[in-house]
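# Architecture and fold: a report
Residues per chain are reported as follows:
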Amino acid sequence: IFNRFIGLSLFLILCQSGIAQNYNILLKIADEKYNKKEFIESAHIYEEAHALYPEISMILFKTAESYYMAHSYEKSLTYLTELHRKAPGKYPIAYYYEADILKMLGKYNDAIPAFKYYYRNFDTGGENNIKAVLQVLGCEFAKSNTHRTEDFEDIQKLGYPYNSENSELNIGEYEDSTIIY
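This write-up is about the structure you can find in this document. It should be emphasised that the depicted structure is a prediction, and the values quoted were computed from it without experimental measurement.

### Some thoughts on helix α3 (residues 57–69)
Along its 13 residues, α3 runs 18 Å from first to last C-alpha, staying within 8% of the 18 Å computed at 1.5 Å per residue. Here α3 lies mainly inside the structure; 10 of its 13 residues are buried. For α3, every residue scored as buried is listed here: S57, I59, L60, F61, T63, A64, E65, S66, Y67 and Y68.

Structure, rendered in structure tokens:
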């Protein structure tokens, strides 16, 4: 019985060692892609790591940050929401990202309190704190000027291949409904 116990223990240790190596390899590859500013690729790899290790909040943060940097705001917001639920306050900059995404999506009424929450609770007096205060002013300005339609022109969708993920004109991950102008 003792030999079986030692054998089983050794097997479990080796299995965990292999899992840890896979985890480290995935993160290393994703980090390299991120550092090369290949944000979509890094986000996809972080997503794979998150599927394998959903309990690790750092992977959630890195996935959300990669999508944020790739201007894929809806996907980033999904991961940020999960991150705030699983690890509230652990990654303060994630609250800034969330507020900025809400602003970019035109949800100014949601973005203003999100920026205020960030600058009141995190990075007080820091560079991002000042940005958050200015972002509130920008959101208020945008809210007061969104009714002015005479300054806007109709935009035509370019369509495929210009609006594809592999286009050199693409600065982010787009779907068919996205308009490039």
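### A closer look at the packing of aromatic side chains
Following the criterion strictly, the structure yields 12 aromatic pairs and no others. Here the aromatic rings of Y95 and Y117 are separated by 5.5 Å at their centres, their planes lie at 50°, and the arrangement is tilted. You can see Y95 sitting in helix α5 (residues 92–104) and its partner Y117 sitting in helix α6 (residues 108–121), a full 22 residues away along the chain. According to the relative accessible area criterion, Y95 is buried, its value standing at 10%. Judged by centre distance (4.9 Å) and plane angle (20°), the ring pair of Y95 and F122 falls under stacked. In this pair, Y95 sits in helix α5 while F122 sits in the loop between α6 and α7 (127–145), placing the two residues 27 residues apart along the sequence. Comparing Y95 with F122, the two get one shared label, buried.

### A word on a nonpolar patch on the surface
Taken together, the side chains of I130, L134 and L137 make up a nonpolar region of the molecular surface, amounting to roughly 310 Å² of accessible area. Mapped onto the fold, L134 is located in helix α7. Assessed through its relative accessible area of 53%, L134 is described here as exposed.

Rules used throughout
- Residues numbered from 1 in each chain as written.
- Predicted model: local features only at pLDDT ≥ 70, side-chain atom pairs only at ≥ 80, totals over all residues.
- Heavy atoms only, no water.
- Helix = DSSP H or I, 4+ residues; strand = E, 2+ residues; numbered from the N terminus.
- Expected span 1.5 Å × (residues − 1).
- Buried < 20%, exposed > 50% of the residue type's maximum accessible area, 1.4 Å probe, protein only.
- Phe/Tyr/Trp six-rings, centres within 6.5 Å; stacked < 30°, edge-to-face > 60°.
- Patch = residues over 30% accessible without salt bridge, like charges linked within 9 Å, V, L, I, M, F, W, Y side chains within 5 Å.
- Areas by Shrake-Rupley, 256 points an atom, 1.4 Å probe, with all protein chains shown as cover.
- Salt bridge = Lys/Arg side-chain N within 4 Å of Asp/Glu carboxyl O.

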